[in-house]
Amino acid sequence: MRSTARSFARLRWRLFGGAIRHGGAEQLGAVLSVVASAIVALGGGLALLAAGRSDEWQTLAVLICFTAVLAILAMGIVAGVSQPIDPRVVATEPLSDRNRAIGLLTAAAVGPPGLAGAVLGLALAAGMTHRPEALPAVALATLSWLASLLLVARTATNGLSLLLVRAPRLGQFIVGFGGLAFYGLFQFVPATFARIDADERADLAAALQWTPPGQIGEAIAVAQESIAESLARTVVGSLWLILLWWGFVASTDRLAVAMRSGGQAVSADRNVIARWAHRACGSGAVGTVAWRSLLTRFRTPRTAIETITGAGVGLAAALSPALFRDDPGAEAVLVGGAVQLGVLFMAGNSFGNDGPAVAYEMLAGAEPSVAAAGKARSILIVAAPLAVIGPVAAAAITDTWRFLPAGLGVGVGGLLAGVGAAVVQSCLVPIAVPESDNPFASGESGQGILAAALLVLVLVGLTIVTVPIGLALLWAADRGHAYAVAGLVVAAIVLGAAVYRGGVWFATRRLSGRDESFLASVTPAR
């Protein structure tokens, strides 16, 4: 067992070193992993040390232990459908189920994220220990907490991955709506938590202490007064590790040999919305590309959930000012920036979604301008509801209907600008979408890291371009300058249209003469 763990640990770091030496996207992904882990370790460690010196440290011990497990579960569902070492690769090795599971857990624990978790555990134990005699009990509870974090993350990942293989649509549904729930919690819970007082936080901790992570937090809290009670609570809070271990071993064994199930066909124009969208795509080559893009987006589980998640992110960003500001004004309804964010999240990989079809059309002689214009039109159609629903919902919540016309105009401008930026992002780093719904199937490793970095750059660029008009519009709207507001709304729409056209032009130039390289970048690895 020890030799297996050592072998997997060495393999994990050899793979990491290989990614560093390989260069390109793999090197960037490895570097970003180290940087992100260092930031989490440093920032989280300092926060835990500060929490341990707070007057409410006993309450915070329970809340921290519970919240961390819940957050790692959410991350495992939303972004954890990957493993440091693919279980399929080691499925043929002469390893027992137990040894394979230990090896995979070790590989996850010794990587940069796992080491960051260890630093957080040290900070938690150091911050929550207030007398030397309590340190062994606190350390034991902390080890149980770290084991819970590791097993929860890996078991959730395995379970969801297995579901994605056996029932792709249900799995993608869970991923998408889990992502929306996680984003909503990230937006709303901190603001809500800041509003409750110490007594209410204590009541919340008293309720959560009866969960397994809550028992661990309570064990840390009572260790200063009663080591025996702390040890008892640690034992109770650790009982679920047996269930988590069994779930991880069983799911790893099944996932290594799981076979993908197919899905059933869906008719195209079976409802009014689909018929309207088909007509909106138009005719000709551009309309054909746009319509196929829409069909791919909603027929493929990955892209359908990507669209739903992007729309949820955009709406959450649009409604945050209306929900959480005490005296919201024009800024609650002028949500063009939120519309841009939603468009980029839902359409940042438009060329990769049905890349092989577009690439083969280009190889057959189709103009790159057709592909770029068709993709842009499909994004415009699918994201258009954001530009209407966001301002209308915000105006209804805040009862600021006088700003709605300007909000709709700004929403249209944000929609156009977001589409142009999404086309640019997608043509620069198209990510091959695997034909299989197996989450371990992928195109070029590391492209997602480049896409994430590019998304940040695109958002920064959009901010630089649109913020001046946005600030001027807020100033004019709050002071009731109707003519200035009308002029700035028109300017926002014109600017959005210019970004839209510029994005299509850039994508056309980018794809011109790059048929073979584009085909290689959007063809999934087999």
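Quick caveat: nothing in here was measured; it's all calculated off a predicted structure.

A. Layout of the overall build of the chain. For the chain, the count of helices and strands is 22 helices and zero strands. In the chain, the proportion of contacts linking residues at least 24 apart, taken out of those at least 6 apart, comes to 81%. Total accessible area computed for the chain in this model is approximately 24500 Å², and 67% of it derives from carbon and sulfur atoms.

B. A look at the side chain of Thr106. Among the structural elements, Thr106 can be located in helix α4 (residues 97-110). At 2.7 Å, the side chain of Thr106 forms a polar contact with the backbone oxygen of Ile102. If sequence neighbours within four positions are ignored, Thr106 has contacts with Ala5 and Ala9.

C. Geometry of helix α15 (residues 336-347). For α15, spanning 12 residues, the distance from its first C-alpha to its last is 16 Å, which sits close to the expected 16 Å at 1.5 Å a residue. When α15 is considered as a whole, its buried residues turn out to be Gly336, Ala338, Val339, Gln340, Leu341, Gly342, Val343, Leu344, Met346 and Ala347.

D. Broad picture of a negative patch on the surface. A contiguous patch of negative charge, built from Asp197, Asp199, Glu200 and Asp203, is present on the exposed surface. Residue class for Glu200 comes out partly exposed when judged on its relative accessible area of 39%.

E. Main features of the packing of helix α19 (residues 404-428) against helix α21 (residues 482-511). At a minimum axis distance of 8 Å, the contact between α19 and α21 shows a crossing angle of 15 degrees. The orientation of α19 relative to α21 falls into the category roughly parallel. Where α19 crosses over α21, the two elements pack in a sense that is left-handed. Residue composition of the contact of α19 with α21, grouped by class: 19 nonpolar, five polar and one charged.

F. The arrangement of the pattern of salt bridges in detail. Scanning the model with the defined rule gives three salt bridges in all. Between Glu56 and Arg201 there is a salt bridge; the shortest N-O distance is 2.9 Å. Here the residue Glu56 occupies a position in the loop between α2 (24-52) and α3 (57-78), and Arg201 occupies one in helix α8 (residues 198-208), the gap between them amounting to 145 residues. Here Arg131 makes a salt bridge to Glu133, at a shortest N to O gap of 3.6 Å. Classification of Arg131 as partly exposed rests on a relative accessible area of 27%.

G. Main features of a positive patch on the surface. Taken together, the side chains of Arg2, Arg6, Arg10 and Arg14 present a region of like positive charge at the surface. Inspection of the secondary structure puts Arg14 in helix α1 (residues 2-22).

H. How the structure looks around the confidence of the model for the chain. Scored by pLDDT, the chain has a mean of 77; 77% of the residues are at 70 or more. Contacts of residues 436-446 to residues separated by more than four positions or lying in other chains number 35 contacts, the stretch itself having pLDDT below 50.

I. Examining the packing of helix α18 (residues 368-398) against α21 more closely. Here α18 crosses α21 at 140 degrees, and the two axes come no closer than 8 Å. As judged from the angle between their axes, α18 and α21 are oblique. For the pair α18 and α21, the sense of crossing is right-handed. Residue-level contacts link Pro368, Ser369, Ala372, Ala373, Ala376, Arg377 and Leu380 of α18 to Tyr500, Val504, Ala507, Thr508 and Leu511 of α21. A breakdown of the residues in the contact of α18 with α21 according to their chemical character gives nine nonpolar, two polar and one charged.

J. Quick peek at a nonpolar patch on the surface. Side chains of Val388, Ile389, Val392, Trp401 and Leu408 sit close together on the surface and give an oily, nonpolar patch of about 400 Å² of accessible area. At three residues, the largest contribution of residues to the nonpolar patch is made by α18. Tracing the chain through its elements places Ile389 in helix α18. We classify Ile389 as partly exposed; its relative accessible area is 44%.

K. Fine view of the environment of Ser512. Structurally, Ser512 can be placed in the loop between α21 and α22 (515-522). With 143 residues separating them in the primary sequence, Ser512 and Ser369 have C-alpha atoms 8.5 Å apart.

L. Layout of the environment of Ser144. Here Ser144 shows up in helix α6 (residues 135-166). With residues up to four places along the chain from it excluded, the contact list for Ser144 reads Ile216, Thr234, Ser238 and Leu241. In terms of polar contacts, Ser144 uses its side chain to reach the side chain of Ser238, at 2.6 Å.

M. Structural view of the environment of Pro112. Summarising the element assignment, Pro112 is placed in helix α5 (residues 112-128). For Pro112, a relative accessible area of 9% corresponds to the buried category. What Pro112 contacts, discounting residues up to four positions off in sequence, is Arg12, Trp13, Phe16, Ser33, Val34 and Ser37.

Cut-offs used in this document
- Residues numbered from 1 in each chain as written.
- Predicted model: local features only at pLDDT ≥ 70, side-chain atom pairs only at ≥ 80, totals over all residues.
- Heavy atoms only, no water.
- Helix = DSSP H or I, 4+ residues; strand = E, 2+ residues; numbered from the N terminus.
- Contact = heavy atoms within 4.5 Å.
- Areas by Shrake-Rupley, 256 points an atom, 1.4 Å probe, with all protein chains shown as cover.
- Polar contact = N/O pair within 3.5 Å; in protein donor to acceptor, adjacent residues only side chain to side chain.
- Expected span 1.5 Å × (residues − 1).
- Buried < 20%, exposed > 50% of the residue type's maximum accessible area, 1.4 Å probe, protein only.
- Patch = residues over 30% accessible without salt bridge, like charges linked within 9 Å, V, L, I, M, F, W, Y side chains within 5 Å.
- Salt bridge = Lys/Arg side-chain N within 4 Å of Asp/Glu carboxyl O.
- Lys, Arg positive; Asp, Glu negative; His and termini not counted.
- Charge placed at Lys NZ, Arg CZ, Asp CG, Glu CD.
- Axes fitted to C-alpha atoms, helices over the stretch in contact; angles between N-to-C directions.
- Parallel < 35°, antiparallel > 145°, perpendicular 65-115°, else oblique.
- Left-handed = near helix turned anticlockwise from the far one by under 90°.
- Nonpolar A, V, L, I, M, F, W, Y, C, P; charged D, E, K, R; others polar.
- pLDDT = per-residue confidence, 0-100.

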